[in-house]
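One letter stands for each residue in the lines below.
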Amino acid sequence: MTEQKEQTKPTKPLTLSTTTRTSAASAKGGSDATQVRQKFSHGRTRVVAVEVKKPVKRPSGPGAPAAATPAPQPAAETKAPAAPTGRTLKLGGGAAATPTRPSAGEGARSGGGIVLKTLTEEEKEARARALVGANRDAEVARQRAAQEAARRAIEEEARKKADEEHKKRLAEEEARKKSEEEVKRKADALVQKRLDQAATASPQGPAARQAEEINAGAAPQAAPAAPAAAIRRPPGAPGGGQSADALRRPPPIRPAVNKRLPQPPGARREVPKRRSDKVDVGRAVAGENDFRSRSAAQMRRRLERDRRREHANDVPQQKVYREVTIPETITVQELAQRMSERSADVVKTLMRMGVMATINQAIDPDTAELVVTEMGHRPKRVAEGDVETGLAEAVDPPESLLPRPPVVTIMGHVDHGKTSLLDALRATDVAAHEAGGITQHIGAYQVTLPSNQKITFLDTPGHEAFTAMRARGAKVTDIVVLVVAADDGVMPQTKEAIAHSKAAGVPMIIAINKMDKAGADPNRVRTELLQDEIQVEQLGGDVQSIEVSATKKTNLDKLEEAILLQSEVLELKANPDRPADGVVVEAQLDPGRGSVATVLVQRGTLRVGDVLVAGAVWGRVRRLVDDRGNAVDSAGPAFPVEILGLDGTPQAGDEFHVMESEARAREIADFRARRDRQAQLARAAGGRGTLEEMIKGIREGTAKELPVLIKADVQGSAEALAGALARLSTEKVATRVIYSGVGGISEADITLAKASGALIIGFNVRANPQAREIAKRDKIDIRYYSIIYKVTEDIQQLMVGLLDPTYKETFLGNAQIREVFRITKVGNVAGCMITEGMVKRGAKVRLLRDNVVIHEGTLKTLKRHKDEVREVQHGFECGMAFENYDDIKVGDVIECFDVEEVQATL
């Protein structure tokens with residue numbers, strides 16, 4: 001409510017009351033003191049004392065003292081704002097808030113000198129702040145001035161450039177005008193020359209007649225004008241006998257070109273005709289040469305056009321025949337463009353061949369080749385896989401080959417000392433860094449012997465990686481060192497390693513390890529190797545065996561000598577002066593370095609900066625790291641190295657090739673990735689299995705044997721199955737047992753079967769889930785048996801099925817054509833008489849003319865008395881028609897026969 005009352009009452013402004021009071025202090029100083037009451041809102045008031053000082057007048061004379069300079073007031077007085085002259089406002093009866101000018105008497109009492117004002121700390125800080133602010137403002141002003149100067153300089157530079165461009169445009173315009181004037185002058189001279197020639201040749205020619213018509217049309221009321229030639233001829237000239245009136249007659253008046261004539265209201269305004277660029281005789285005679293002439297370029301084009309038109313009728317245009325590249329799939333329009341032919345002509349050619357296709361429809365390469373040949377061009381068939389042509393086909397000349405270090409793969413059973421033996425050869429402790437002392441990855445190392453000869457070793461986790469490399473067609477290793485523990489003897493993985501080495505066709509060296517342990521018996525190992533057809537030199541064979549100890553480092557020099565001896569027998573050579581080729585030993589995705597691939601260079605030299613393609617990935621080599629972890633600039637043949645810079649991670653066993661350009665490497669990588677993707681889709685859609693592909697290869701002559709992998713529950717069963725299958729081999733088809741072992745079917749068996757294209761036979765064993773999944777993915781055929789003779793029967797039937805079948809022909813009968821009938825929508829139908837045997841519908845037939853076979857096919861129809869019958873016996877008449885053949889005549893003989901397939905036998 002208080003707020004409402006205050007809103008209704010007007011607010012009084014701040015006023016000074018008129019109550020005054022004279023104080024003793026004011027009397028002493030010669031001033032009046034007044035108390036003023038200030039009123040504020042909400043009833044608040046405050047009393048303020050106002051002191052008015054009056055100056056005291058002093059007599060001014062020679063004896064009067066000089067007026068003193070006003071003394072500085074205390075700091076408290078300088079802080080308040082200045083009050084009106086001669087009046088000081090005191091708040092609450094305090095000291096004066098504004099310094100006052102002292103009177104002359106006070107100045108005299110101060111001694112007559114100048115008293116300097118002492119600054120307080122607050123004043124000093126205020127002045128310092130003001131100085132800093134002034135400096136800051138000056139700096140800002142200086143920066144703004146510099147920016148303004150830079151802006152003005154930029155504007156001046158832009159203005160200069162604009163002036164230069166303007167002057168350049170003016171010069172170009174002037175040159176263009178001069179060129180046009182020159183062309184116009186030449187055209188005028190040419191027209192004048194032609195007119196003079198016409199006038200000289202015929203005084204009463206078309207030009208004179210056209211001038212008369214123009215003059216007559218321009219002045220219809222005037223008298224008939226004299227000929228133009230007579231007008232130009234002087235009076236004394238021959239033939240110039242015209243009268244003086246005719247000669248003095250003024251020229252006809254022409255209507256103004258640009259002047260508009262007044263028209264009656266409502267009349268339609270006529271659109272003025274566009275001035276023609278052609279020159280007429282009237283304008284030439286009247287001297288009107290202000291017409292727009294053709295440019296020199298236009299005249300040249302016209303002359304060139306006339307010249308081509310004249311020669312086109314003389315020389316016929318010859319058709320250009322080209323070599324047309326035909327890919328696996330091509331559209332009609334693209335084929336027409338490659339032949340430089342009209343698409344309509346290509347479509348017509350296809351229609352004559354019986355193919356209905358539009359210009360956007362794709363056709364097969366065979367049809368495209370026929371079209372190209374039909375139209376007179378030379379076809380060239382290319383396939384999509386031609387991008388890989390020439391990758392590894394180059395053969396190095398013998399004089400460029402140099403000896404290279406051998407590549408040795410160490411294989412053997414688990415915990416038989418493969419990595420420890422390699423450590424002893426490398427004199428480094430790699431196994432100490434492996435998890436549990438078991439090799440977790442493939443390592444490639446190079447060892448330099450005291451004789452300065454080098455050997456490259458591949459350490460594999462078992463043999464899976466070796467098999468994967470061979471499955472992709474890569475021959476990596478030259479020699480296999482088979483490590484066998486002297487106390488354990490030959491173990492299952494040892495036999496698998498022997499099987500892999502034999503399948504790859506690589507020579508072996510037996511390293512009998514752990515000779516320092518108690519119970520080591522090397523003769524036992526050599527004897528057990530005989531069961532796997534490995535006969536060492538001590539037993540009269542050709543396989544070297546060395547007794548070594550990796551922990552004691554004994555006989556390592558003998559093992560190295562055996563490796564070098566075997567390499568000398570193999571004569572390992574390579575050309576280092578060529579682009580590098582090799583194999584990817586292992587690849588991984590490093591979190592810090594990206595895709596890292598360990599490769600083995602087989603020929604050529606790999607350098608930093610080379611562009612290479614490995615499988616379905618490509619990249620540029622950014623860094624090369626050797627087996628010691630040192631960065632190198634190049635890697636020669638048989639040198640293992642890590643490469644960085646690939647755009648993806650290749651697979652172990654992929655071959656790499658150095659390309660000449662990034663474009664070709666990218667093209668090959670894209671093609672391989674697309675091919676792999678299509679293969680995966682085909683496998684997902686249930687494509688043909690490995691066994692069917694193997695059968696197809698045998699039928700095409702690319703395979704001559706049936707590889708088989710046997711896994712049984714006991715060793716006796718495995719040996720019995722291997723012997724039984726070996727006895728099934730014949731000269732036509734042979735069975736080859738890739739591997740025979742004991743135990744369940746594992747992932748290693750699936751990998752070996754995939755690498756060799758073999759059929760897996762499980763005798764009283766089963767595959768583990770991982771192996772089944774891999775076999776299902778890779779379409780590997782696994783067959784389970786529990787009876788041996790069932791195995792032999794199925795394998796024998798499979799071998800028989802691989803043989804090409806034979807066909808036997810059985811004669812049925814002959815029929816003679818007595819009449820030929822032409823039936824619409826059916827074709828020619830032969831009216832026949834069965835002269836021998838019988839004729840069956842659906843049987844094979846031959847058409848004989850003069851005892852010469854001119855057609856062989858099948859019967860389309862067989863009728864008797866308008867009824868379709870299955871067969872017609874001897875002595876009856878019938879009607880017959882051939883499938884897709886109508887060239888039959890009276891007197892021809894139709895021979896009918898059956899063809900039956902006879903199963904081939906072993």
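Residues numbered from 1 in each chain as written. Predicted model: local features only at pLDDT ≥ 70, side-chain atom pairs only at ≥ 80, totals over all residues. Heavy atoms only, no water.

J.: So what's going on with the overall build of the protein? Residues and values would help.
T.: Counting secondary structure elements, the protein contains 24 helices and 37 strands. For the protein, the residues scored as buried account for 35% of the 906 residues in total. A separation of at least 24 residues holds for 67% of the contacts in the protein among residues at least 6 apart in sequence. Carbon together with sulfur atoms contributes 51% to the accessible area of the protein, which is approximately 55,900 Å² in total. (Helix = DSSP H or I, 4+ residues; strand = E, 2+ residues; numbered from the N terminus. Buried < 20%, exposed > 50% of the residue type's maximum accessible area, 1.4 Å probe, protein only. Contact = heavy atoms within 4.5 Å. Areas by Shrake-Rupley, 256 points an atom, 1.4 Å probe, with all protein chains shown as cover.)

J.: Any chance you could break down the nonpolar core for me, citing the residues and the numbers?
T.: Grouped together as the largest cluster of nonpolar side chains are 24 residues, with contacts concentrated most on Val-408, Leu-421, Ile-455, Phe-457, Val-481, Leu-559 and Ile-563. Top element by residues in this core is helix 18 (residues 556-570). It accounts for five residues. Those residues in contact with Ile-563 that lie beyond four places of it in its chain are Pro-406, Val-408, Ile-455, Phe-457, Ile-479, Val-481 and Ile-509. Grouped together as the second largest cluster of nonpolar side chains are 21 residues, Ile-817, Val-839, Met-880 and Ile-888 included. (Core = buried A, V, L, I, M, F, W, Y, C linked by side-chain atoms within 4.5 Å.)

J.: Run through the sheet that holds strand 26 (residues 734-742), naming residues and quoting values.
T.: Pairing is parallel across the open sheet formed by four strands, whose spatial order is 26-25-27-28. Looking at the sheet topology across the chains shown, the edges are occupied by strand 26 and strand 28 (782-785). The mean inter-strand angle of the sheet, taken between neighbouring strand axes irrespective of direction, is 25°. Where strand 25 (residues 705-712) meets strand 26, eight bridges bridge the pair, whose relative direction is parallel. For Val-708, the partnering residue across the bridge sits in strand 26 and is Val-737. (Pairing = 2+ DSSP bridges. Axes fitted to C-alpha atoms, helices over the stretch in contact; angles between N-to-C directions.)

J.: Tell me what's going on with the pairing of strand 4 (residues 323-326), and back it up with residues and numbers.
T.: Burial along strand 4 is one-sided: Val-324 and Ile-326 are buried, and none of Glu-323 and Thr-325, which face the opposite way, are. Relative to strand 7 (residues 378-381), strand 4 runs parallel, the two sharing four bridges. Residue pairing in the sheet places Thr-325 in a bridge with Lys-380 of strand 7.

J.: Tell me about the pattern of salt bridges, and name the residues and values.
T.: Where side chains of opposite charge bring their charged atoms close, a pairing between them can arise. What the rule picks out here adds up to 38 salt bridges. Glu-895 is paired through a salt bridge with Arg-846; the nearest N and O atoms lie 3.8 Å apart. Pair noted here: Glu-895 is in strand 37 (residues 893-902) and Arg-846 is in strand 32 (residues 844-849), with a separation of 49 residues, a long-range link. On the accessibility criterion, Glu-895 (16% relative accessible area) is buried. The class for Arg-846 is buried, based on a relative accessible area of 13%. In the salt-bridge network here, residues are joined through shared partners; they are Glu-148, Arg-151, Arg-152 and Glu-155. (Salt bridge = Lys/Arg side-chain N within 4 Å of Asp/Glu carboxyl O.)

J.: How would you explain the packing of aromatic side chains if you had to name every residue and give the values?
T.: In this structure the tally under the stated criterion is one aromatic pair. A ring pair is formed by Phe-882 and Tyr-885, whose centres lie 6.4 Å apart and whose planes are at 90°; its orientation type is edge-to-face. Directly above the ring of Tyr-784 sits Arg-766, whose terminal nitrogen or CZ lies 4.5 Å from the centroid. We note Arg-846 situated over the ring of Phe-897; from NZ or CZ to the ring centre the distance is 3.9 Å. (Phe/Tyr/Trp six-rings, centres within 6.5 Å; stacked < 30°, edge-to-face > 60°. Lys NZ or Arg CZ within 6 Å of the ring centre and 35° of its normal.)

J.: Which residues make up the environment of Leu-600, and what are the values?
T.: Here Leu-600 is to be found in strand 17 (residues 594-603). Among the residues examined, Leu-600 registers a relative accessible area of 1% and is labelled buried. Separated by 35 residues in sequence, Leu-600 and Ala-635 have C-alpha atoms that sit 9.0 Å apart. Apart from the residues within four sequence positions on either side, Leu-600 is in contact with Val-407, Thr-456, Val-476, Asp-581, Gly-582, Val-583, Val-585, Ala-638, Phe-639, Pro-640 and Phe-656.

J.: Explain the packing of helix 22 (residues 747-756) against helix 23 (residues 769-778) to me, and be specific about the residues and the numbers.
T.: It is at 8 Å that the axes of helix 22 and helix 23 come closest, and there the two elements cross at 20°. Classified by the interaxial angle, the pair formed by helix 22 and helix 23 is roughly parallel. Note on element contacts: helix 23 touches helix 22 through Gln-770, Ala-771, Ile-774, Ala-775 and Asp-778, opposite Glu-747, Ile-750 and Lys-754. Grouping the amino acids of the contact of helix 22 with helix 23 by side-chain chemistry returns four nonpolar, one polar and three charged. (Parallel < 35°, antiparallel > 145°, perpendicular 65-115°, else oblique. Nonpolar A, V, L, I, M, F, W, Y, C, P; charged D, E, K, R; others polar.)

J.: So what about the side chain of Gln-566? Which residues, and what values?
T.: Relative to the helices and strands, Gln-566 is located in helix 18. Look at Gln-566 and you get buried, because its relative accessible area is 15%. Each residue touching Gln-566, except ones within four places of it in the same chain, is listed here: Ile-479, Pro-507, Ile-509 and Gln-544.

J.: Report on the packing of helix 12 (residues 343-352) against helix 13 (residues 365-374), specifying residues and quantitative values.
T.: Where helix 12 contacts helix 13, the two axes come as close as 10 Å, and the packing angle between them is 110°. Between helix 12 and helix 13, the crossing angle belongs to the class labelled roughly perpendicular. Both helix 12 and helix 13 take part in a crossing whose hand is right-handed. Of the residues in helix 13, those touching helix 12 at Val-346, Thr-349 and Leu-350 are Thr-367, Val-371 and Glu-374. Here the contact of helix 12 with helix 13 is composed, by residue class, of three nonpolar, two polar and one charged. (Left-handed = near helix turned anticlockwise from the far one by under 90°.)

J.: Go over the pairing of strand 24 (residues 655-659), please, and point to the residues and values.
T.: Within strand 24, four of the five residues are buried, which leaves the element mostly enclosed by the surrounding structure. Relative to strand 24, strand 16 (residues 581-590) runs antiparallel, the two sharing three bridges. Counterpart to Val-583 in the pairing with strand 24 is Glu-655. Pairing geometry for strand 19 (residues 611-614) and strand 24, over four bridges, is antiparallel. Pairing of Leu-612 across the sheet is with Val-658, part of strand 24.

J.: Please provide a residue-by-residue account of unusual backbone geometry, values included.
T.: For Asp-850, which is not a glycine, the phi torsion comes out positive at approximately 60°. Position of Asp-850 among the secondary structure elements: in the loop between strand 32 and strand 33 (852-864). Residue Asp-850 is classed as exposed on the basis of its relative accessible area, which comes to 72%.

J.: How would you sum up helix 11 (residues 332-339)? Please name residues and give values.
T.: Those residues of helix 11 that sit buried are Val-332, Leu-335, Ala-336 and Met-339. Taken end-on, helix 11 shows its buried residues confined to a sector of 100°, consistent with a single buried face. Buried-residue contacts for helix 11 involve strand 4, strand 5 (330-331), helix 12, strand 6 (362-363) and helix 13. Just beyond helix 11, the residue with positive phi is Ser-340, at close to 60°. (Arc of directions from axis to C-beta.)

J.: An account of helix 13 is needed here, citing residue identities and associated values.
T.: For helix 13, every residue scored as buried is listed here: Pro-365, Thr-367, Ala-368, Val-371 and Val-372. Take helix 13 and look down its axis: the buried residues cluster within an arc of 160°, on one side only. Exposed side chains of helix 13 directed beyond 90 degrees from the buried face belong to Leu-370 and Glu-374. Contact partners of the buried residues in helix 13: strand 4, strand 5, helix 11, helix 12, strand 6 and strand 7. Here helix 13 starts with a cap whose side-chain oxygen sits 3.2 Å from the backbone nitrogen of Asp-366, and that cap is Asp-364. A positive backbone phi angle near 95° is found at Gly-376, which sits one or two residues after helix 13. (Polar contact = N/O pair within 3.5 Å; in protein donor to acceptor, adjacent residues only side chain to side chain.)

J.: I'd like a description of a nonpolar patch on the surface, backed by residues and values.
T.: On the surface, a nonpolar cluster with roughly 240 Å² of combined accessible area is contributed by Phe-821, Ile-823 and Val-826. Here Ile-823 is to be found in strand 29 (residues 806-823). Assessed through its relative accessible area of 38%, Ile-823 is described here as partly exposed. (Patch = residues over 30% accessible without salt bridge, like charges linked within 9 Å, V, L, I, M, F, W, Y side chains within 5 Å.)

J.: If you had to explain a positive patch on the surface to someone new, which residues and values would you point to?
T.: A contiguous patch of positive charge, built from Arg-194, Arg-300, Arg-301, Arg-302 and Arg-305, is present on the exposed surface. Following the sequence through the fold, Arg-302 ends up in helix 10 (residues 296-312). Relative accessible area serves as the criterion here: at 41%, Arg-302 is assigned to the partly exposed category. (Lys, Arg positive; Asp, Glu negative; His and termini not counted. Charge placed at Lys NZ, Arg CZ, Asp CG, Glu CD.)

J.: How would you explain the confidence of the model for the protein if you had to name every residue and give the values?
T.: Per-residue confidence for the protein gives a mean pLDDT of 75; residues scoring 70 or more make up 70%. Confidence over residues 60-113 falls short of pLDDT 50; this stretch has 64 contacts with residues more than four positions distant or in other chains. Below pLDDT 50 for its whole length, residues 271-275 participates in four contacts with residues either more than four positions away or in separate chains. (pLDDT = per-residue confidence, 0-100.)

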